[in-house]
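So you can see what is in the structure, the chains are spelled out below.
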Amino acid sequence: MQFPERFLSLPDYAFPRLRKLLDPHKPGAEPIAMTIGEPRHPMPDFVGPVLAESVAGFAVYPPNDGTPELLAAISGWLKRRYGVDLGDDRLMVLNGTREGLFNAAVALCPEAKGGKRPIVLMPNPFYQVYAVAALAMGAEPVYVPATAATGFLPDYAALPKEVLDRVAIAYLCSPANPQGAIASRDYLAGLLRLAETHDFRIFSDECYSEIWRDAPPPGSLEVAAEIGADPERIFVFHSLSKRSNLPGLRSGFVAGGPQGIARIRQLRAFAGAPLPLPVQRVSEQAWSDEAHVRANLALYQEKFRIADEVFAGVQGFSNPEGGFFLWLPVEDGEEAALKLWTQAGVRVLPGAYLSRDAGGQNPGKGYIRVAMVAPRDEMQRGLIRLRDCIYG
């Protein structure tokens, strides 16, 4: 039997690769996991009661596009957070952003661009679903370095015109996973103008938008509104996983132009899995409440301060502008991860597992990604062990 060849270039996913690297070895101390970006702060108090009140909803098929109440809650949050007014025809609920980032490409990526194979741009390193979405659509993934030299954001405008003219979709993540860089208003406006010039769509992954160090990150929707960009140019993805510490709820949304949202809705009507009604009720409450978001932000900002103290004086250290990962420079990411595990019991992710070789280089090779999601004291112990083992 034959299998498709379009995924042959995919490496093992990051965490199976990590298990192969570390699991044959015993930890050098009591283990502290700092690998996966799974929030471990308390989830909101209202989750249990709302689920209990709506449990009968598991007995009915849920609305595919989202309940009117949930769409209204999402629209209200977008108005408060970004000052944009979007109707229901510009919103679609999702089973988390990963599902949406993939399926939006299925719905919106054309089979050809100017008679040629379409290109999907993505930062390098990046959230791995971007590459899978491109390959699934038969597009050519182009990995654009997002390094210290470019402010840890991809410089798409520097690409040759013949490349840009073939672009169908450009992915962006701000705050960036893994580096924590935040795209400025000028950066977002420039990217929107580039998309207009070369006729492509932007998929803006903003699921870390409510975790920031000094100021709330600007959003692509508000910048698009400010400069009068075509609504069909930009599709923005948000989730409750990080904002509300509800990664297991698998609840998010995409916002964009009405024509594109109609196509995403059509695809999901055939092939998607709508959110169970009780999940939609919890989501409605979560998008409507800001108190738990402020409390969550305060916990992360305290973690930023702890990281500053632990790594004070360490050459090359910089705290992220947003998100909850540290992107720490090392000689070799795999060697550092193995050393940390066998000598200090700290489990981190080699940066190369989040990147691809491009132009003979892997921009993640000299880094490790450290998730600051554990409770405060556990995280602090892990960072101190890491500093002493790698930089001591």
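Now for a description of the structure that goes with this document. The shown structure was predicted, so the numbers you read here are calculated from the model rather than taken from an experiment.

Concerning the packing of helix α3 (residues 68-82) against helix α11 (residues 277-288)
In the contact formed by α3 and α11, the axes pass within 8 Å of each other and the chain directions differ by 20°. Comparing the axis directions of α3 and α11 gives the class roughly parallel. Considering the relative orientation of α3 and α11, their crossing is left-handed. For the pair formed by α3 and α11, the contact residues are Glu69, Leu70, Ala73, Ile74, Trp77 and Arg80 on the first element and Gln280, Arg281, Ser283, Glu284, Trp287 and Ser288 on the second. The class makeup of the residues in the contact of α3 with α11 is five nonpolar, three polar and four charged.

Side note on the layout of surface pockets
Of the voids in this model, the largest pocket is the one considered here, and its volume is about 540 Å³. Surrounding the largest pocket, 26 residues form its lining, Tyr13, Ile36, Gly37, Tyr127 and Lys242 being those nearest its centre. Every element with two or more residues in the lining of the largest pocket is listed here: α1 (14-22), α4 (96-108) and α9 (240-243). Tallied by class, residues from the lining of the largest pocket come to 13 nonpolar, seven polar and six charged. Taken as a whole, the second largest pocket holds about 150 Å³ of empty space. Forming the walls of the second largest pocket are 15 residues, and the residues nearest its centre are Phe152, Gln179, Ser318, Asn319 and Trp327. The biggest single contributor to the lining of the second largest pocket is strand β9 (residues 325-329), with four residues.

Focus on the environment of Pro178
Summarising the element assignment, Pro178 is placed in the loop between β5 (167-173) and α7 (185-198). When the C-alpha positions of Pro178 and Glu334 are compared, they lie 16 Å apart, and in sequence the two are 156 residues distant.

Some points on the pairing of strand β2 (residues 91-94)
Residue alternation in β2 divides its side chains into two sets, Leu91 and Val93 and Met92 and Leu94, and both sets are buried. Across four bridges, β2 lies against strand β8 (residues 252-255) in antiparallel orientation. If you follow Met92 over to β8, its bridge partner there is Val254.

Here we look at the sheet that holds strand β7 (residues 234-239)
In spatial order, the strands read β2-β8-β7-β6-β5-β3-β4; together these seven strands make up an open sheet with mixed pairing. Each having just a single partner strand, β2 and β4 (140-145) make up the two edges of the open sheet. Averaged over all neighbouring strand pairs, the angle between strand axes comes to 20°, with direction disregarded. The pairing of strand β3 (residues 119-124) with β4 spans six bridges and is parallel. Opposite Met122, over in β4, you have Tyr143 as the bridge partner. Sitting on the sheet, helix α5 (residues 129-136) touches β3, β4, β5 and β6 (201-205), and the angle it makes with β3 is about 165°. Along the sheet face, α7 touches β5, β6 and β7 and points at about 170° away from the line of β5.

Quick notes on α5
Across the eight residues that make up α5, a large majority, six, are buried. Of the residues trailing α5, Gly138 is marked for its positive phi of about 75°.

Here is what the cut-offs are and how they apply
- Residues numbered from 1 in each chain as written.
- Predicted model: local features only at pLDDT ≥ 70, side-chain atom pairs only at ≥ 80, totals over all residues.
- Heavy atoms only, no water.
- Axes fitted to C-alpha atoms, helices over the stretch in contact; angles between N-to-C directions.
- Helix = DSSP H or I, 4+ residues; strand = E, 2+ residues; numbered from the N terminus.
- Parallel < 35°, antiparallel > 145°, perpendicular 65-115°, else oblique.
- Left-handed = near helix turned anticlockwise from the far one by under 90°.
- Contact = heavy atoms within 4.5 Å.
- Nonpolar A, V, L, I, M, F, W, Y, C, P; charged D, E, K, R; others polar.
- 1 Å grid on protein atoms, 1.4 Å probe; cavity = no way out; pocket = protein on both sides within 12 Å on 5 of 7 lines; lining within 4 Å.
- Points joined across faces, edges and corners; volume = space filled by probe spheres on them.
- Buried < 20%, exposed > 50% of the residue type's maximum accessible area, 1.4 Å probe, protein only.
- Pairing = 2+ DSSP bridges.

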